[in-house]
Amino acid sequence: MTETSQASPDLKDYNLHPVIQDTAKRGLPIPEMPEVWVSRALVNPYYDDEIRAVQTVCVHNKAQMFHQSYGVDETAFFLFFEGSNLYLMPHDRATAPIGPIAMSTSVPGQNMFAMQGLLNQGSGFLFNQPVDFHLGYSPEANGYKGDAPPTAMQTCNWVWTRKTQETECLPLRWFFTNANNPCGIPYLGLFALATFESFEPSDAADQLDWASVRCENAEAASISLSTALQDAKDTKSFHDAIKGNLKDRPEFWKGSAEQPGQIITGLGPAAKGTVEPEWNKRIKMTGFTYQTSKHDPSEGLGDAAMPLRVYYDWPSTGLQDAHMLTHLSLNQHEWFDADHMDIFLDAEGNDTFVTAQDGHTKFEGHDDTGIVKYNWAAMDHGSAKASLRDNPLICPGEVLNITTLPNDDRHFWVWYTPDNKGRLFMEIPQKADVLLVLTDYYTYDMDPPAFPQNWWKEPTKT
């Protein structure tokens, strides 16, 4: 049932975030990758593994891909793929490579994303750069581990591409919701999130020929090494397979502390004593949250990317009087001229309502998940895995701590400054009952003025 209600105060005096602009490209396939490209990426794994900087060279028409992967745990792996064959490259020119090891994922073609159905979702900004948003859904590819998975589970892949005068796909970031996603990319596909400090086309189609020549005299891999790498489904098992089978050969896996920062500006281990992020007793956030599971349009969840604002107040009287409102526009291009979804959270759980532009409100249901406690990260045993200092793309002039929160077979990553300003939140892998697992924060007010009276009052349930 529905009821007509007056729109509650929109808190319009607070900062707005930019909406995604509709363009003539919306609905068109993602462009092809350059024939040859070179990139430097900050990568977040699916689970509680180390943050890494990865430099990649890819020559599509020769099916060649070379990764130099440096972890903040002082590991370093040089990986050369030719077709679906993996070669472990030593860090010196005297030692022979090890391989070939036949892997299930081959170097893809230039249409690596287009063939998976990624379509333009509009234009906007990411890290203050103009981008196009692309999204593709893949049926039955969700990593759900429950006893009775739904029959129509979906997962997705997001790619944010830099706006240029060229028609090539130049990613600024990509995000995979499941490790078994169909966009198979050797090694880089083992990571949930890759943020590219640089991604450039190249004219040097022969730049990996040296690696191919060296691999003609490669040392055969042991059965145990080959099997462990072929069976690896995540980055930790992949890296452990190399270290465990080549314990006495550090030239294949030993790195140093300064190497990550040579690939990604300012990247290194988190400082000793770094504390978990904590919310102030009153905060206000704006940003975009991205749908990561295909849904039935009748659910009324709006566009794939949705502007949101979050209001949070934890009075001195504590949990019983604490309130949180997540306010979503169901139109990625508009804030005021749109239907809205409101999720009210308190000690009793949360209630969801959808309010149409004509004022009609529909109660969508109740869930027992209650308000987030202000010391949420410490309660969930969060820990900083890395820090990013004055990175020109992601955090110019700031320090950013990359924090992990293990949570059974789901995992949380958050990017926060030392003064608790949020930049990014994500939950992976995708699960059947979660539709929004990546949020970018555009503004983060940690000491806003008092919210309007009764801002947390729910419409009447009918």
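Since the model is a prediction, treat every value here as computed from it, not as a measurement.

Peer 1: Could you give me a rundown of the overall build of the protein chain, with the residues and numbers involved?
Peer 2: Within the protein chain one finds five helices and 24 strands. With 462 residues in all, the protein chain has 53% of them scored as buried. Of the contacts made within the protein chain by residues no fewer than 6 positions apart, 60% connect residues no fewer than 24 positions apart. Looking at the protein chain as shown, the accessible area adds up to about 19,600 Å², and 48% of this sits on carbon and sulfur atoms.

Peer 1: Tell me about the pairing of strand β21 (residues 399–407), and name the residues and values.
Peer 2: Across six bridges, strand β20 (residues 383–389) lies against β21 in antiparallel orientation. Each bridged residue has a counterpart across the sheet, and for A386 the counterpart in β21 is I402. Summarising the sheet, β21 and strand β22 (residues 410–416) pair through seven bridges and their orientation is antiparallel. Residue N407 lies in a different strand from β22, and its bridge partner there is R410. Counting the residues that bridge the hairpin from β21 to β22 gives two residues, and of these D408 lies at a positive phi of roughly 55 degrees.

Peer 1: Outline the pairing of strand β24 (residues 436–445), listing residues and values.
Peer 2: Counting buried residues in β24 gives seven out of ten residues, a clear majority hidden from the surface. Direction of pairing for strand β23 (residues 422–428) relative to β24: antiparallel, over a ladder of three bridges. Paired with M426 across the two strands is L438, which belongs to β24.

Peer 1: Quick one: what's the story with the environment of S198, residue by residue and with numbers?
Peer 2: Tracing the backbone through its elements, the reader meets S198 in strand β12 (residues 191–201). When the C-alpha atoms of S198 and A41 are compared, they prove to be 7.2 Å apart, with 157 residues separating the residues in sequence. The contact partners of S198, leaving out residues within four places of it in the chain, are V38, S39, R40 and R162.

Peer 1: Can you break down the pattern of salt bridges residue by residue, with the values?
Peer 2: Applying the stated criterion across every chain yields a total of 17 salt bridges. Taking the shortest distance from any N to any O, the salt bridge between K421 and E398 comes out at 2.7 Å. Of this pair, K421 sits in the loop between β22 and β23 while E398 sits in the loop between β20 and β21, and the two are 23 residues apart along the sequence. Via salt bridges that share partners, K25, D132 and K163 belong to a single interconnected network.

Peer 1: Summarise the confidence of the model for the protein chain; cite the residues concerned and give the values.
Peer 2: Mean pLDDT over the protein chain works out to 88, with 89% of the residues at or above the 70 mark. Counting interchain partners and residues more than four positions distant, the pLDDT-below-50 stretch residues 1–10 has 24 contacts. Overall, residues 140–145 carries pLDDT values under 50, and its contacts beyond four positions in sequence, including any with other chains, amount to 26 contacts.

Peer 1: Please set out the environment of W279 residue by residue, giving values where relevant.
Peer 2: Positionally, W279 belongs in the loop between β13 (267–268) and β14 (282–291). Separated by 140 residues in sequence, W279 and D419 have C-alpha atoms that sit 9.6 Å apart. Once residues within four sequence positions are removed from consideration, W279 is found in contact with M285, Y312, M324, V372, Y374, W376, Y416 and Y444. Looking at W279, its side chain comes within polar contact range of the side chain of Y444, at 3.0 Å.

Peer 1: Report on the packing of helix α2 (residues 223–231) against helix α3 (residues 235–245), specifying residues and quantitative values.
Peer 2: Angle between the axes and distance between the axes are the two parameters that describe a pair of packed helices. Contact pair α2 / α3: the axes reach a minimum separation of 8 Å and the direction vectors enclose 170 degrees. It follows that α2 is roughly antiparallel to α3 by the angle criterion. When α2 is examined against α3, the residues S224, L225, A228 and L229 are found in contact with a partner set consisting of F238, A241, I242 and N245. The class makeup of the residues in the contact of α2 with α3 is six nonpolar, two polar and no charged.

Peer 1: Please set out the packing of aromatic side chains residue by residue, giving values where relevant.
Peer 2: Within this structure, the stated rule accounts for 30 aromatic pairs. Residues F353 and F363 carry aromatic rings whose centres are separated by 5.2 Å and whose planes lie at 45 degrees to one another, so their mutual orientation is tilted. Here F353 is found in strand β18 (residues 349–355), whereas its partner F363 is found in strand β19 (residues 360–367), with ten residues between them in sequence. Its relative accessible area of 26% is what places F363 among the partly exposed residues. Here the aromatic rings of F412 and F425 are separated by 5.8 Å at their centres, their planes lie at 35 degrees, and the arrangement is tilted. Of this pair, F412 sits in strand β22 while F425 sits in strand β23, placing them 13 residues apart in sequence. Through a chain of ring-to-ring contacts, the aromatic side chains of W279, Y312, W314, Y374, W376, Y416, Y441 and Y444 assemble into a single cluster. Sitting over the ring of W210, R93 keeps its end group 4.5 Å from the ring centre.

Peer 1: Kindly report on unusual backbone geometry, identifying the contributing residues and their values.
Peer 2: The linkage connecting G99 with the following residue, P100, adopts the cis geometry, with an omega of 0 degrees. Take P100: it is sitting in strand β7 (residues 98–102). Even without being glycine, F127 reaches a positive phi, approximately 55 degrees. Along the chain, F127 turns up in the loop between β8 (119–126) and β9 (129–139). A positive phi angle, close to 65 degrees, is found at N454, a residue other than glycine. Since its relative accessible area comes to 41%, N454 is described here as partly exposed.

Peer 1: Quick one: what's the story with the nonpolar core, residue by residue and with numbers?
Peer 2: Judged by nonpolar contacts, the single largest core of 95 residues is most densely connected at L88, F113, W158, W174, L229 and F238. Ignoring anything within four residues of it in the chain, the contact list for W158 reads Q121, F133, H134, L135, R173, W174, F175, Y290, Q291, T292, A304 and A305. Of all hydrophobic cores here, the second largest spans 27 residues; its members include I283, L301, L308 and A322.

Peer 1: Can you explain α3? Please cite residues and give values.
Peer 2: Looking at α3, one finds that the buried residues are T235, F238, H239, A241 and I242. Here the buried residues of α3 occupy an arc of 150 degrees about the axis, which is enough to place them on one side. Its buried side turned inward, α3 meets β2 (36–45), β3 (52–59), β5 (76–82), β6 (85–89), β12 and α2. Taking the backbone nitrogen of K236 as reference, a side-chain oxygen 3.2 Å away marks D234 as the first, capping residue of α3.

Cut-offs and rules
- Residues numbered from 1 in each chain as written.
- Predicted model: local features only at pLDDT ≥ 70, side-chain atom pairs only at ≥ 80, totals over all residues.
- Heavy atoms only, no water.
- Helix = DSSP H or I, 4+ residues; strand = E, 2+ residues; numbered from the N terminus.
- Buried < 20%, exposed > 50% of the residue type's maximum accessible area, 1.4 Å probe, protein only.
- Contact = heavy atoms within 4.5 Å.
- Areas by Shrake-Rupley, 256 points an atom, 1.4 Å probe, with all protein chains shown as cover.
- Pairing = 2+ DSSP bridges.
- Salt bridge = Lys/Arg side-chain N within 4 Å of Asp/Glu carboxyl O.
- pLDDT = per-residue confidence, 0-100.
- Polar contact = N/O pair within 3.5 Å; in protein donor to acceptor, adjacent residues only side chain to side chain.
- Axes fitted to C-alpha atoms, helices over the stretch in contact; angles between N-to-C directions.
- Parallel < 35°, antiparallel > 145°, perpendicular 65-115°, else oblique.
- Nonpolar A, V, L, I, M, F, W, Y, C, P; charged D, E, K, R; others polar.
- Phe/Tyr/Trp six-rings, centres within 6.5 Å; stacked < 30°, edge-to-face > 60°.
- Lys NZ or Arg CZ within 6 Å of the ring centre and 35° of its normal.
- Core = buried A, V, L, I, M, F, W, Y, C linked by side-chain atoms within 4.5 Å.
- Arc of directions from axis to C-beta.

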